[in-house]
Amino acid sequence: MTSQPEHHSKVARRAVLGTALSGAAAAALPGTAHAEEPEPSLPSAADGGGGRRPWRLRDTMTTDGAWARFLRGQDLLWTRLPTRWYEGPFLGDGLLGSMIYREPDANRIRFTVQHGRVQDHRPEFGSGWGTCRLPVGHLTLDPVGTITAVDWRLSLWNAELTGTVTTTAGTLTLSALVHDEVLAVRVRASGGERADWTFHPEEAISPRKIQEAPPAGYTPNPPWTTRTAADGTEQVLQPLTGGQTATAHRRDGDELLLSVGHSAPSTTAAEADSLRNLRRATSYGTLRRRHTRWWHAFYKKSFVSFPDQRLQSFHWIQLYKVASASRADGPVMATCGPWLEPTPWPAVWWNLNIQLEYWLVHGSNHLELDALATTLRRNQEQLVANVPAAYRADSSGVGRSSDMFANREVGRPGSGSEVGNLTWALHNVWLSYRHSMDEALLRDTVFPLLRRAVAYYLHFLTPGSDGKLHLPSTLSPEYPVVPPQDTTYDLALIRWACQTLIESAELLGIDDASAPRWHEVLAKLTPYPVDGNGYMIGAGTPYAQSHRHYSHLLMVYPLYLVNWDQPENRDLITRSIEHWHALTGAHRGYSYTGAASMYAMTGDGDTAITYLRKFFDTSTRYPCQANTHYTEAGPVIETPLSASQSLHDMFCQSWGGVIRVFPAVPTAWADLTLHDFRTQGAFLVSAVRKAGKTRFIRIRSLAGEPLKLKHGLGGRLTVLLDDGRPARTRGLGEGVLSIDLPKGREVLVHSGSRPDLVIAPVTFSEPGPAWGLP
């Protein structure tokens with residue numbers, strides 16, 4: 001074995017940035033040999049060593065035909081007319097969204113028309129009323145006859161709804177998509193049928209009206225007005241205080257095109273925007289060509305296949321869903337995404353929802369969807385304004401809920417307020433940095449904002465008689481009892497943030513004046529409060545009543561500060577998770593997805609999948625719905641998306657600077673294929689598991705970061721670079737291999753004889769029905 005090359009010494013620190021080294025990991029640093037690690041073998045002449053490419057993956061998913069066939073098997077189907085939003089098809093482009101279902105109590109089909117940028121602009125009334133998402137309206141398709149049947153398919157590959165509506169008068173054949181802020185629908189009638197369309201504007205008032213009356217002093221927005229242009233385009237103009245929404249639609253034969261514009265502070269610009277979108281679309285066919293090009297390129301960035309048909313379909317639908325709901329240059333997702341329905345939560349929620357919404361974009365290799373990082377970068381002045389005036393010189397924060405501009409004040413520690421939301425959101429942005437190794441993202445967004453988020457905490461940390469630093473009362477999100485001090489949620493975020501700031505400053509070459517204080521906090525911050533049942537909510541506050549949120553377990557997941565690589569913490573982790581779920585009644589969908597990810601961290605795939613399946617169990621109080629959406633008192637988009645992240649955590653993990661391939665695959669899933677799964681360190685991982693064993697792992701380095709691989713292979717290893725030469729490696733113990741892999745290069749790892757290096761869908765061992773109403 002050969003040692004790591006010299007150039008890795010400078011960047012090795014990046015591999016564990018923001019995570020805690022266990023005692024075992026700390027003892028297994030480069031330079032220490034471990035005899036129990038299998039020796040990599042040298043390539044034989046048959047391998048093609050000596051400069052020729054000795055191996056290459058045979059990817060069967062390179063053609064449009066292969067993708068079209070595969071994704072057709074994941075499509076949603078309807079043979080019954082959906083009657084609610086969480087049963088029907090949904091379309092979106094990260095801005096404009098539409099859900100399709102029967103108009104309540106009518107023989108019509110509703111196409112909702114909602115837009116992620118459409119909001120009120122009166123912050124004096126709070127995020128629930130003054131800066132909330134506002135409804136736009138809906139189209140109805142009015143047939144001549146009574147609807148008797150539908151036959152619909154939501155094609156993931158084309159992101160398009162197609163099918164027929166059968167009535168007592170004839171048939172309507174429809175197709176619909178959303179692209180470039182245009183809803184395009186084509187309906188062809190036969191028999192005695194006719195396609196009549198009506199646009200119904202909706203009152204520009206908070207959807208929160210289903211739960212409560214408006215606040216004192218609130219006045220309704222002005223009523224909308226309508227007009228028809230010379231070319232037949234109809235417009236609805238909705239004036240707002242400090243803005244405007246305009247909806248334009250035009251019919252041309254069988255086709256209808258509709259677009260929504262929103263402007264603020266301009267009270268007129270939306271009108272021109274909506275018309276410009278329609279002119280750019282031209283026709284259904286023209287728009288469709290641009291639309292399918294985007295979606296076909298989107299899917300090809302990564303691939304996963306596993307033998308549970310219904311869960312595999314669910315996972316691909318979530319990728320379709322997140323790309324329909326978010327784009328990096330668009331608004332950050334509200335709790336409902338772009339599909340607004342009556343809800344008490346018509347805003348962006350920062351104490352769990354927004355974090356869970358964006359996790360799956362990392363492993364799936366879709367950082368182009370990360371609107372959260374964009375939102376925080378663009379709204380730094382607002383984040384400063386959110387803290388009390390006395391702290392704005394060095395601090396930033398955000399309250400529980402806000403508009404898309406992060407406009408919500410944050411309370412003071414000591415008042416029982418929720419303080420950690422910005423810090424937790426920045427953990428997501430740090431994950432985007434770690435998966436891209438984009439130093440500009442670290443330098444310009446993560447570091448300066450995290451520095452200010454921590455500074456706000458530091459104003460309130462005070463030494464106690466025990467010599468430890470303590471935090472006055474803050475709220476553990478959604479737990480009904482406020483600890484008198486030392487809320488576990490905040491202690492975990494402070495530890496992660498200080499450690500990340502220290503390592504980031506070193507990486508960026510910044511000699512920060514606050515660094516001594518960050519070191520002091522790490523040395524003196526009080527330990528997490530613990531009792532016989534595990535982690536407590538905070539000092540003097542046990543976890544004593546059912547709690548859907550895992551805010552008190554953040555150090556376990558997703559921060560991994562306390563993790564399974566630390567044997568001394570395994571009992572505490574297990575007791576804490578078990579006690580969290582032992583108290584029932586308040587658990588919701590993300591309680592199950594969170595537990596699944598935590599058990600995946602322990603390597604227990606069978607328990608992980610057991611918890612994940614609770615989210616799909618219709619006997620639970622809040623299960624996944626027919627179209628894979630989720631509702632409690634209103635739409636809540638984060639939970640299904642987090643279920644896909646739970647699957648990711650079973651398939652591949654990369655916390656702590658170690659890539660773990662197939663760390664927690666359920667026993668029943670003997671076969672599994674990953675391709676171009678993105679990990680921390682900016683690696684793309686491809687791996688195949690057959691008959692319960694890993695057959696090979698291929699890793700491509702996009703940034704030249706140190707590579708530590710927990711491969712799960714037994715026997716004598718072959719570790720080959722893409723030019724046929726053996727990679728330089730070092731065993732680090734515990735089944736972890738350090739591999740020297742330069743930027744832009746690939747390495748193949750396998751044991752025994754060379755396996756077939758094929759990327760292909762796996763055969764189902766657990767067949768299941770399609771999603772929708774098949």
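Coordinates for the structure precede this section.
To start, this report covers the structure provided alongside it. Just so it is clear, the structure is predicted and the values come from calculations on it, not from any experiment. (Residues numbered from 1 in each chain as written. Predicted model: local features only at pLDDT ≥ 70, side-chain atom pairs only at ≥ 80, totals over all residues. Heavy atoms only, no water.)

1. Examining the overall build of the protein chain
Thinking step 1. Within the protein chain, the regular secondary structure consists of 19 helices and 37 strands.
Thinking step 2. For 774 residues, the compact-globule estimate of 2.2 N^0.38 gives 28 Å, and the C-alpha radius of gyration of the protein chain, at 27 Å, lies within 12% of that figure.
Thinking step 3. For the protein chain, the spread of C-alpha atoms along the principal axes amounts to about 80 × 70 × 45 Å.
Thinking step 4. Here the protein chain holds 774 residues, and the buried ones make up 63% of them.
Thinking step 5. In the protein chain, once contacts between residues fewer than 6 apart in sequence are set aside, the share between residues at least 24 apart is 68%. (Helix = DSSP H or I, 4+ residues; strand = E, 2+ residues; numbered from the N terminus. Rg over C-alpha atoms; globule rule 2.2 N^0.38 Å. Buried < 20%, exposed > 50% of the residue type's maximum accessible area, 1.4 Å probe, protein only. Contact = heavy atoms within 4.5 Å.)

2. Digging into the pairing of strand β15 (residues 243–252)
Thinking step 1. Among the ten residues in β15, eight count as buried, and that is most of the element.
Thinking step 2. Strand direction decides the pairing type here: strand β14 (residues 234–240) and β15, joined by seven bridges, are antiparallel. Considered in β15, the bridge of L237 is made with A246.
Thinking step 3. Counting the residues between successive antiparallel strands, the hairpin from β14 to β15 contains two residues, one of them, G242, with a positive phi of roughly 85 degrees.
Thinking step 4. What sits between β15 and strand β16 (residues 255–263) in their antiparallel hairpin is a turn of two residues, with G253 showing a positive phi close to 65 degrees. (Pairing = 2+ DSSP bridges.)

3. Some thoughts on the pattern of salt bridges
Thinking step 1. Tallying each qualifying case throughout the model produces 35 salt bridges.
Thinking step 2. Across the pair R400 and E418 runs a salt bridge whose closest N-O atoms are separated by 2.7 Å. Highlighted residues: R400 in the loop between α11 (380–385) and β19 (401–402) and E418 in the loop between β19 and α12 (421–436), separated in sequence by 18 residues.
Thinking step 3. The exposure class of R400 is partly exposed, given its relative accessible area of 29%.
Thinking step 4. Note that R451 is salt-bridged to D512, the shortest N-O span being 2.7 Å. Taken together, the residues R451 in helix α13 (residues 439–458) and D512 in the loop between α14 (488–508) and α15 (515–524) connect sequence positions 61 residues apart.
Thinking step 5. Classification of R451 as partly exposed rests on a relative accessible area of 27%.
Thinking step 6. Residue classification places D512 among the buried positions, given a relative accessible area of 10%. (Salt bridge = Lys/Arg side-chain N within 4 Å of Asp/Glu carboxyl O.)

4. As for the packing of aromatic side chains
Thinking step 1. By the definition in use, this model includes 43 aromatic pairs.
Thinking step 2. Ring geometry for W67 against W157: centres 6.5 Å apart, planes inclined by 10 degrees, an arrangement best described as stacked. Note that W67 is positioned in helix α3 (residues 64–72) and W157 in the loop between β8 (147–155) and β9 (160–167), a separation of 90 residues in sequence. Accessibility assignment for this pair places W67 and W157 in one class, buried.
Thinking step 3. Ring centres of F90 and W339 lie 5.4 Å apart, and the angle between their planes is 75 degrees; this geometry places the pair in the edge-to-face category. (Phe/Tyr/Trp six-rings, centres within 6.5 Å; stacked < 30°, edge-to-face > 60°.)

5. Describing the state of the cysteines
Thinking step 1. What the rule picks out here adds up to zero disulfides.
Thinking step 2. No disulfide involves C336; its nearest neighbouring cysteine sulfur is the one of C132, lying 10 Å away.
Thinking step 3. Note on C336: relative accessible area 3%, which makes it buried. (Disulfide = S-S within 2.5 Å.)

6. A short note on the side chain of E418
Thinking step 1. What makes E418 buried here is its relative accessible area of 8%.
Thinking step 2. Within polar-contact distance, the side chain of E418 engages the side chain of N351 at 3.3 Å.
Thinking step 3. Within polar-contact distance, the side chain of E418 engages the side chain of N421 at 3.1 Å.
Thinking step 4. Leave out the neighbours within four places in its chain, and E418 touches N351, R400, V410, L475, P477 and E478. (Polar contact = N/O pair within 3.5 Å; in protein donor to acceptor, adjacent residues only side chain to side chain.)

7. Considering the sheet that holds β16
Thinking step 1. Here we have ten strands laid out as an open sheet, ordered β13-β14-β15-β16-β11-β10-β9-β8-β3-β37, and mixed in their pairing. In this open sheet, the two edge strands, each paired with only one partner strand, are β13 (225–228) and β37 (772–773).
Thinking step 2. Both strand β3 (residues 76–78) and β8 contribute to a ladder of three bridges, which runs antiparallel. Looking at β8, one finds that L77 is bridged to R153.

8. Here's the deal with the sheet that holds strand β4 (residues 90–92)
Thinking step 1. Spatially, β4-β5-β6-β7-β12 is the arrangement adopted by the five strands of the open sheet, whose pairing is antiparallel. Edge positions in the sheet fall to β4 and β12 (196–201), since each of these pairs with one other strand and no more. Adjacent strand axes in the sheet meet at a mean angle of 20 degrees when their direction is disregarded.
Thinking step 2. Pairing of strand β5 (residues 96–102) with strand β6 (residues 109–115), which is carried by five bridges, proceeds in the antiparallel orientation. When the sheet's bridge partners are listed, I100 is paired in β6 with F111. (Axes fitted to C-alpha atoms, helices over the stretch in contact; angles between N-to-C directions.)

9. Some thoughts on α12
Thinking step 1. For α12, spanning 16 residues, the distance from its first C-alpha to its last is 23 Å, which sits close to the expected 22 Å at 1.5 Å a residue.
Thinking step 2. Extensive coverage of α12 is indicated by the burial of 15 of its 16 residues.
Thinking step 3. Phi turns positive, to about 55 degrees, at M437, one or two residues after α12. (Expected span 1.5 Å × (residues − 1).)

10. Describing the nonpolar core
Thinking step 1. The biggest cluster of nonpolar side chains holds 215 residues, and the ones touching the most others in it are W152, Y299, W316, L376 and V747.
Thinking step 2. With residues up to four places along the chain from it excluded, the contact list for W316 reads W67, F70, L71, Q74, L156, Y299, S302, F303 and V304.
Thinking step 3. Grouped together as the second largest cluster of nonpolar side chains are nine residues, L177, A248, Y284 and L287 included. (Core = buried A, V, L, I, M, F, W, Y, C linked by side-chain atoms within 4.5 Å.)

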